[in-house]
Amino acid sequence: MKSTIEFRFAFIFAFVLFFTHSITGQTLEGTVLDKTTQLPISGVNIITSDSLIGCSTDFNGRFQIDLLDSDSLLISHVGYQKQSYNPGKNNTNILIYLVQSPVMLNAIEVSVTKNQLPSFSQSASISYLSEEKIRENVSRSMAEAMTTTAGVWVQKTNHGGGSPFVRGLTGNYTLLLIDGIRLNNSTFRYGPNQYFNTIAPFSVNAVEVLRGAGSTLYGSDAIGGTINVNTISPSFASQKKIYGSVGGQFMSQGMEYTGNLELGGNTRKFAYILNGSIRDFGDLYAGKGLAYERPSGYTEADLLFKGLWQVSENQKISFNYQWLRQDNVPRYDKVAQDDYEYYNFTLQQRQLAYVRFDQEWINSPVKNLQFTASFQKSDEERDTKKNNSIVHKNERDDVSTMGLNAQLNAVILKRIETILGWDLYYDWIASSRTEENTQTGESIDFTRGLYPDGSNSLNTAVFNTYLYSLQQWTFQLGWRYNFTSNKAEDVFFDDLDLATSSFVWNGSINYKFKKNSIYTAINTAFRAPNINDISSMGDFDYGIEVPTTDLKPERSTNFELGYKLAANVVSMNVAGFYTKINDLIDRVPSTYNGDSIINGSRVYTMANVGEAFITGFELDLEAKLSRTFSILGNLTYTYGQNITKDEPFRRIPPLFGDLSIRYDNKNYFIILQTQFAGMQDRLSSGDIDDYRIPDGGTPGWFVLNIKGGYEWKRIGVKLALNNIFNEAYRMHGSGVDGLGIHLAGSVRFYF
């Protein structure tokens with residue numbers, strides 16, 4: 001009921017804004033066209049030279065914008081070269097032609113590094129997934145959207161989950177952000193989790209993956225890297241209007257039925273956007289004889305509302321509310337392989353609200369001040385019952401997180417750009433557990449759930465970075481001091497309190513010559529023990545876990561050497577890396593009340609048990625073969641070793657990649673795509689005990705897909721025929737198989 005009220009309130013609020021007063025003035029009207037195809041381009045960003053006024057083109061490439069004086073215009077769009085335009089005395093029916101960028105791999109400006117340098121000038125390996133790519137792939141979920149992203153492996157424990165691996169690491173070893181705000185909280189567990197799937201694909205503008213870095217800027221968990229999801233934003237226009245789209249998406253075999261609505265509107269000072277979906281996912285249909293894997297289907301609904309208020313020429317305030325709810329998400333692997341009658345995430349819900357203030361200065365050493373206040377809530381409820389058992393178990397964990405972030409950008413000594421920042425996140429955790437006798441109806445409420453009820457965690461830090469450019473050289477240096485305090489009152493283990501601190505730093509050098517760039521970087525990172533580490537008590541994949549407070553932060557050092565090419569017809573990024581992890585936290589055999597076995601399961605606890613290393617290389621390539629043909633591909637190899645145990649590091653992905661050839665002509669495109677992975681038979685002892693991994697390892701696989709799209713007036717259609725040969729395959733470590741042959745499609749009408 002509460003979620004319905006929140007949905008209606010946001011919708012009514014957005015609709016009321018449509019009737020707000022308009023600002024009149026002398027307007028410039030025109031159309032933006034592709035210089036090669038002569039077709040209109042929608043979604044082009046157009047701002048005046050002082051950045052006070054802006055707009056974007058509609059579906060027909062048209063725009064209107066107020067000019068206070070003789071402002072020039074700055075015009076940009078993903079896939080095209082930036083351009084400036086001076087209208088002179090013309091103010092109506094002007095035509096602006098944009099030239100396509102041959103390749104985009106190293107030309108994109110990213111926000112995850114906070115310095116706004118193009119990827120080519122960054123001393124880091126960065127993957128980028130645009131909104132258009134998500135739509136072109138007809139992506140069912142954000143996890144599935146990431147499967148073609150360079151350097152990212154996606155494990156799916158269940159059809160409603162999806163955990164991205166970066167440089168062989170996932171779970172609380174890889175940091176997830178939404179609009180720069182931490183999604184990771186103090187209950188994120190070791191190993192794969194499902195929380196990346198609580199981000200709605202239709203609400204995403206772009207995904208940035210900072211591989212092997214991020215701890216200096218964002219704190220704990222960024223040992224593997226940092227994934228920042230930027231959500232869609234409204235755009236300014238010179239006069240009041242409303243715009244939007246309505247669309248649907250489907251998968252054959254009944255695997256998806258989705259309806260989506262987007263509304264936007266703006267005045268000169270205020271802009272807003274509303275996006276919402278209702279979704280029904282059927283059971284997963286796997287390849288070659290595997291057919292339906294039941295139960296695996298579930299339902300989902302989501303909403304995003306974002307507003308932007310231009311307070312003055314140099315001040316703006318943005319506010320955002322996100323909500324996503326999944327109901328009755330089953331774990332097929334538990335039913336098929338682990339002797340469960342049912343194992344359901346009865347509820348999986350995430351809410352995020354934030355307000356962000358930006359102040360800019362012109363002709364001043366101080367460039368920008370940003371302050372963000374956020375509130376995030378994650379609700380998870382699980383209902384489980386073993387076969388031949390009369391006990392129905394219900395567990396619920398609710399995590400509420402308050403966040404405060406401040407960041408100041410400035411220039412010192414005329415040449416050095418610096419960022420000074422402060423972060424604070426505070427978690428409150430409600431956790432409960434009830435067991436019901438299904439024969440008698442009697443129930444027992446336990447004194448604690450998976451975590452002690454009322455647990456809390458404080459995570460705060462100060463950080464500072466420096467960037468210095470001298471001709472062809474770019475030097476970067478940064479540091480961060482972080483303090484974490486976890487508190488949990490446990491009825492069985494007394495107080496479980498643990499405070500830790502960490503200091504990390506990074507340094508890099510980038511040398512550019514002609515259209516080439518060579519860089520080297522050292523990034524140190526840490527993962528602070530969290531509430532899940534110190535207080536988790538209950539079942540996991542191959543045992544039972546009991547609490548401990550005898551932990552210290554895990555620490556890592558990542559060494560990286562890379563090469564980038566940004567030529568007219570080809571763009572490439574290749575990097576080699578070596579990551580050393582010290583004070584590694586892992587499960588070790590333990591006892592509970594003197595017993596090492598409980599209900600047939602081995603007892604484990606967390607401990608700093610040693611060291612490990614992960615090394616490998618990544619290749620990302622884009623090339624323009626002709627005006628209409630291009631080729632895109634990536635390849636990733638990862639090797640991990642637990643030095644202390646003298647065995648492979650757990651869950652390391654196999655060699656994997658994809659290769660695509662793309663044809664663009666006027667208002668349609670066609671993509672022939674291959675995705676592949678090698679066999680992974682380097683297994684740790686934990687991998688061998690994991691029933692989701694076949695005996696001897698996960699076989700290699702190869703799938704072929706064909707995708708295309710067509711736009712006609714205000715209608716856009718996209719289709720994808722995936723796994724054409726209906727191969728049976730599984731992503732290493734997953735609890736469900738890959739999708740069999742299926743047709744996915746979307747239809748969208750713009751207004």
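For the structure, check the block above.
Because the structure is a prediction, the values reported are computed rather than measured. (Residues numbered from 1 in each chain as written. Predicted model: local features only at pLDDT ≥ 70, side-chain atom pairs only at ≥ 80, totals over all residues. Heavy atoms only, no water.)

Trainee: Can you break down the sheet that holds strand β11 (residues 174-178) residue by residue, with the values?
Mentor: With respect to topology, five strands assemble into an open sheet ordered β8-β13-β14-β11-β12, the strand pairing being mixed. For this open sheet the edge positions go to β8 (125-130) and β12 (181-182), each flanked by a neighbour on one side alone. Two strands pair when backbone bridges link them, and β11 and β12 are joined in this way by two bridges, in the antiparallel orientation. By the bridge assignment for β12, I178 is matched with I181. (Pairing = 2+ DSSP bridges. Helix = DSSP H or I, 4+ residues; strand = E, 2+ residues; numbered from the N terminus.)

Trainee: Describe a negative patch on the surface, and please don't skip the residues or the numbers.
Mentor: There is a patch of like negative charges on the surface, built from E489, D494, D495 and D497. Take the negative patch: its biggest share by element is three residues, from strand β29 (residues 494-513). Take D497: it is sitting in strand β29. (Patch = residues over 30% accessible without salt bridge, like charges linked within 9 Å, V, L, I, M, F, W, Y side chains within 5 Å. Areas by Shrake-Rupley, 256 points an atom, 1.4 Å probe, with all protein chains shown as cover. Salt bridge = Lys/Arg side-chain N within 4 Å of Asp/Glu carboxyl O. Lys, Arg positive; Asp, Glu negative; His and termini not counted. Charge placed at Lys NZ, Arg CZ, Asp CG, Glu CD.)

Trainee: Which residues make up unusual backbone geometry, and what are the values?
Mentor: The omega torsion of the bond from R294 to P295 falls at 0°, within 30 degrees of zero and hence cis. Of note, P295 is situated in the loop between β19 (291-293) and β20 (298-312). Unusually for a residue other than glycine, D179 sits at a positive phi of about 55°. The exposure class assigned to D179 is buried, which follows from its relative accessible area of 8%. Even without glycine at this site, N723 takes up a positive phi of about 55°. By the element assignment, N723 lies in the loop between β42 (715-722) and β43 (742-750). (Buried < 20%, exposed > 50% of the residue type's maximum accessible area, 1.4 Å probe, protein only.)

Trainee: I'd like a rundown of the pairing of strand β37 (residues 629-642), residues and numbers included.
Mentor: In this structure, strand β36 (residues 601-624) lies alongside β37, joined through 13 bridges in antiparallel fashion. When the bridges of β37 are listed, F617 appears paired with Y637. Hairpin connection between β36 and β37: a loop of four residues separates the two successive antiparallel strands. In terms of strand pairing, β37 meets strand β38 (residues 647-648) through two bridges, oriented antiparallel. Its bridge partner lying in β38, N642 is registered against E647. Remark: four residues form the turn of the hairpin made by β37 and β38, two consecutive strands paired antiparallel; D646 in that turn has positive phi of roughly 55°.

Take it as geometry only, folks, not as evidence of what the structure does.
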